[in-house]
Amino acid sequence: MDIFYSDDTLFVNVYENINEDNISSLKTRVFKIARDYDIENIVLNTNGYRKSNYLLKEFINDYESNFNGILGLN
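Keep in mind it's a predicted model, so treat the numbers as computed, not measured.

(A) How the structure looks around the overall build of the protein. Along its length, the protein carries two helices and four strands. For the protein, the α and β elements follow one another from N to C terminus as β-β-α-β-α-β. A compact globule built from 74 residues would reach a C-alpha radius of gyration of about 11 Å, and the protein, at 11 Å, matches this within 12%. Each of the three principal axes of the protein carries a C-alpha extent, and together these read 25 × 25 × 20 Å. Per-residue burial over the protein gives 32% buried out of 74 residues. Of the contacts made within the protein by residues no fewer than 6 positions apart, 61% connect residues no fewer than 24 positions apart. Of the roughly 4,800 Å² that the protein leaves accessible, carbon and sulfur atoms contribute 42%. Here the protein contributes 7 positive and 12 negative side-chain charges, whose respective centroids are spaced 5 Å apart.

If you want it as structure tokens, here you go:
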């Protein structure tokens, strides 16, 4: 996983398989960064995983309910 910040946006590249352990780790890291640095825009590159993946949907729903920002998927 690579995380970097540029142009008021946090970019997160996920290379690992999307499973419950990895999504939990991702959520912890991204939410902490978003909270600590007041980042509203996040772009999540899931390395080819379907956007309809239920774990990704839960991640997005949790983000939207906790933060007033935009989470985009690539």
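(B) How the structure looks around the sheet that holds strand β4 (residues 70–73). A sheet is described by the order of its strands in space; here four strands give the open sequence β1-β2-β3-β4, paired in mixed fashion. At either margin of the open sheet sits one strand with a lone partner, and together these are β1 (2–6) and β4. Shown here is a sheet whose adjacent strand axes are inclined to one another by a mean of 20°, direction ignored. As paired strands, β1 and strand β2 (residues 9–13) are joined by five bridges and run antiparallel to one another. Bridge pairing links Ile3 to Val12 in β2. Against the sheet, helix α1 (residues 20–37) contacts β1, β2 and β3 (41–45), and its axis sits at roughly 165° relative to β2. Across the sheet, helix α2 (residues 54–66) is in contact with β3 and β4; its angle to β4 comes to roughly 160°.

(C) Structural context of the nonpolar core. Membership of the largest hydrophobic core comes to 20 residues, with the highest contact counts inside it found for Val12, Leu26, Val30, Ile42, Leu44 and Phe59. Of all the secondary structure elements, the ones that give two or more residues to this core are β2, α1, β3, α2 and β4.

(D) Region of the structure containing unusual backbone geometry. Of note, Asp7 is a non-glycine position whose phi angle comes to about 50°, a positive value. With respect to the helices, strands and loops of the structure, Asp7 is situated in the loop between β1 and β2. Even without being glycine, Asp8 reaches a positive phi, approximately 60°. One can find Asp8 in the loop between β1 and β2.

Procedures and definitions
- Residues numbered from 1 in each chain as written.
- Predicted model: local features only at pLDDT ≥ 70, side-chain atom pairs only at ≥ 80, totals over all residues.
- Heavy atoms only, no water.
- Helix = DSSP H or I, 4+ residues; strand = E, 2+ residues; numbered from the N terminus.
- Rg over C-alpha atoms; globule rule 2.2 N^0.38 Å.
- Buried < 20%, exposed > 50% of the residue type's maximum accessible area, 1.4 Å probe, protein only.
- Contact = heavy atoms within 4.5 Å.
- Areas by Shrake-Rupley, 256 points an atom, 1.4 Å probe, with all protein chains shown as cover.
- Lys, Arg positive; Asp, Glu negative; His and termini not counted.
- Charge placed at Lys NZ, Arg CZ, Asp CG, Glu CD.
- Pairing = 2+ DSSP bridges.
- Axes fitted to C-alpha atoms, helices over the stretch in contact; angles between N-to-C directions.
- Core = buried A, V, L, I, M, F, W, Y, C linked by side-chain atoms within 4.5 Å.

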